[in-house]
Amino acid sequence: MSPVRVRFAPSPTGPLHIGGVRTALYNYLFAKRLGGTMILRIEDTDSYRFVPGAEAYIIEALQWLGIGIDEGVGHGGDHGPYRQSERRDIYRPYVQQLLDAGKAYIAFDSAGELDAKRKENGTFQYDASTRMTMRNALTMSAGEVKKLIDSGERYVVRFKVEPGEDIVVNDLIRGEVVINSSILDDKVLYKSADDLPTYHLANIVDDHLMQVSHVIRGEEWLPSAPLHVLLYRALGWADTMPQFAHLSLLLKPEGNGKLSKRDGDRLGFPVFPLEWHDPETGAISSGYRESGYLPEAVVNFLALLGWNPGDNDEVMGMAELIEKFRLEKCSRSGAKFDYEKGLWFNHHYLQEMDNTEIAKLFKPVLQTHDVTATDEYVAKVIALVKERVNLIPQLWEQGSFFFQAPDVYDEATVKKRWKEDSAEQMTKLAALLSEQSSWDAGSLEECVKSWIEAEDYGLGKVMNAFRLALVGESKGPHMFDIAALLGQKETIRRLQRAVEILG
């Protein structure tokens, strides 16, 4: 049995979509379970759509998610180079091989000529029924073709698809898929304008030379699979053709159509792993990392969108996902992108994570608010509030008062909780607390509750005003945990300030 070798081959045309991340993840899980190799190849043959920074973004995203690359861009290997734009000399002989065998032909049709044909016929495609009416080597003499090439006229090389053949694609997820060649067009394989092959030829040549055993890719590439089968045959590589597996689409949360960036913008969730800064427009798109998600949560969430291990387990780390992953367990139908489930996973992983580690991730948020605090103090704050949050930035929403005393008090809470005698009670409470020698939550609770009972004050009335004074509104963890962490001096200062401001 030949070794398992898979490849993730994105195009550097912008940020990596979350659907592409899932494709990379499934390739990785499949390869690692079978002791195989994960290759990263950059398919940058479309020079017009190349976006600066996109390749570095892809590499950083995979690293953040823990999707390890064994070979390829940034890692090296025996089958490089791994950027298609650097493989021009490798592709040229295969273009010529197809031309010499009559499996492909040169075409000179301009973009304008092709557009005119499409306007004449809305269903026009360049195929066996139309190729003899076009400007190509099949309708010209060899001399005419040579003269045009020598004069510098741009041309493309098209694959010659013979009609009437049933092409069988054995898909590891979808089973046997049969498509008749008559519906296929003569795809462009090479463009003289940039001396580069298109995706269709480049990926076939690269998969063969890099000894790829399995091609696991998105459902959108399924219509290309019959063409790729024909290309493998035409190049004499039918016996080494990889096995195909086409993954289902990621659907909108409502389930009606493919997930897009607009869906994320509309519903408030990222569709990219990392924040993306568009180099042309300057527009910023949110990313899972910067939104406060943990990579483990994103991986766990994505793994279950279109795959099910067949048991009741939901929370699985990378090692368990690798152990359980099977392509045959992947769904043929699209998976709704339940972003709220993603929040659930992130909440779970946050609760399991060590508070000192969360503190490191929370530090950048504190810096944006000009807050400096010791790691020990930040970890203690996180321990008190993390149960209430799903995302890292929400720690500030739930615990900002631990770092900054309230300078305003929530009007609705003041109206409801600050009574006529609250100022007098808080003044007495401040005096009581100033006499305490033990400053821990248990001692404070025992002391304050005994005092309230002795003074015959209502517990709720005092505690609500106490919370308002320390927090600025009606939220937060247990009051005595708050006071214990703020410390004696700061607690008393906040009580006195509330009395001064609220009266």
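Residues numbered from 1 in each chain as written. Predicted model: local features only at pLDDT ≥ 70, side-chain atom pairs only at ≥ 80, totals over all residues. Heavy atoms only, no water.

Details of the domain arrangement of the protein
At step 1: Its domain assignment divides the protein into domain 1 (85-247), domain 2 (261-352) and domain 3 (355-502).
At step 2: Each of domain 2 and domain 3 has a C-alpha centre, and the two are 35 Å apart.
At step 3: Listed by partner, the interface residues are 10 residues for domain 2 and 9 residues for domain 3.
At step 4: Summing both sides of the interface, domain 2 and domain 3 together bury roughly 830 Å²; the carbon and sulfur share of this comes to 61%.
At step 5: Interface area lost by domain 2 to domain 3 is led by His347, Leu350 and Gln351, which between them contribute 55%.
At step 6: The interface formed by domain 2 and domain 3 includes 0 salt bridges.
At step 7: Linking domain 2 to domain 3 there are 6 residue pairs in polar contact (both at pLDDT 80 or more). (Domains from an automatic or database assignment. Contact = heavy atoms within 4.5 Å. Buried area = accessible area lost by both parts, 1.4 Å probe. Salt bridge = Lys/Arg side-chain N within 4 Å of Asp/Glu carboxyl O. Polar contact = N/O pair within 3.5 Å; in protein donor to acceptor, adjacent residues only side chain to side chain.)

Side note on the pairing of strand 11 (residues 243-247)
At step 1: With 4 of its 5 residues buried, strand 11 lies for the most part within the structure.
At step 2: Examined bridge by bridge, strand 10 (residues 214-218) and strand 11 share 5 bridges and lie parallel to one another. Across the sheet, the residue bridging to Arg217 is His246, located in strand 11.
At step 3: Assessed by its sense of winding, the connection that carries the chain from strand 10 through helix 7 (residues 225-234) to strand 11 is right-handed. (Buried < 20%, exposed > 50% of the residue type's maximum accessible area, 1.4 Å probe, protein only. Helix = DSSP H or I, 4+ residues; strand = E, 2+ residues; numbered from the N terminus. Pairing = 2+ DSSP bridges. Right-handed = clockwise from strand over helix to strand, strands pointing away.)

A look at the packing of aromatic side chains
At step 1: In total, this model carries 19 aromatic pairs according to the counting rule given.
At step 2: Here Tyr94 and Trp237 contribute two aromatic rings whose centre-to-centre distance is 5.3 Å and whose plane-to-plane angle is 65°, an arrangement assigned as edge-to-face. Taken together, the positions of Tyr94 in helix 3 (residues 88-100) and Trp237 in the loop between helix 7 and strand 11 put the pair 143 residues apart, joining distant regions of the chain.
At step 3: You can call Tyr94 buried: its relative accessible area is 19%.
At step 4: Overall, the relative accessible area of 10% leaves Trp237 in the buried class.
At step 5: Relative to Phe345, the ring of Trp344 lies with its centre 5.0 Å away and its plane at 80°, an arrangement referred to as edge-to-face.
At step 6: Taking relative accessible area as the criterion, Phe345 reaches 1% and is therefore assigned buried.
At step 7: Here the aromatic residues Phe269, Phe301, Phe337 and Tyr339 are joined through ring pairs into a cluster of three or more.
At step 8: Its guanidinium or amino end placed over the ring of Tyr126, Arg158 lies 3.8 Å from that ring's centre, counting from NZ or CZ.
At step 9: Sitting above the plane of the Trp344 ring, Lys341 keeps its charged end 4.3 Å from the centroid. (Phe/Tyr/Trp six-rings, centres within 6.5 Å; stacked < 30°, edge-to-face > 60°. Lys NZ or Arg CZ within 6 Å of the ring centre and 35° of its normal.)

Remarks on unusual backbone geometry
At step 1: Omega for the bond connecting Gly80 with Pro81 falls within 30 degrees of zero, at 0°, which places this linkage in the cis form.
At step 2: Looking at the secondary structure, you find Pro81 in the loop between strand 3 (71-72) and helix 3.
At step 3: With a phi close to 55°, Asp195 is a non-glycine residue in the positive phi region.
At step 4: Mapped onto the secondary structure, Asp195 falls in the loop between strand 8 (188-191) and strand 9 (196-197).
At step 5: Note on Asp195: relative accessible area 19%, which makes it buried.
At step 6: Here the phi dihedral of Gln211 falls at roughly 60°; this positive angle occurs in a residue that is not glycine.
At step 7: Its place among the elements puts Gln211 in the loop between helix 6 (199-209) and strand 10.

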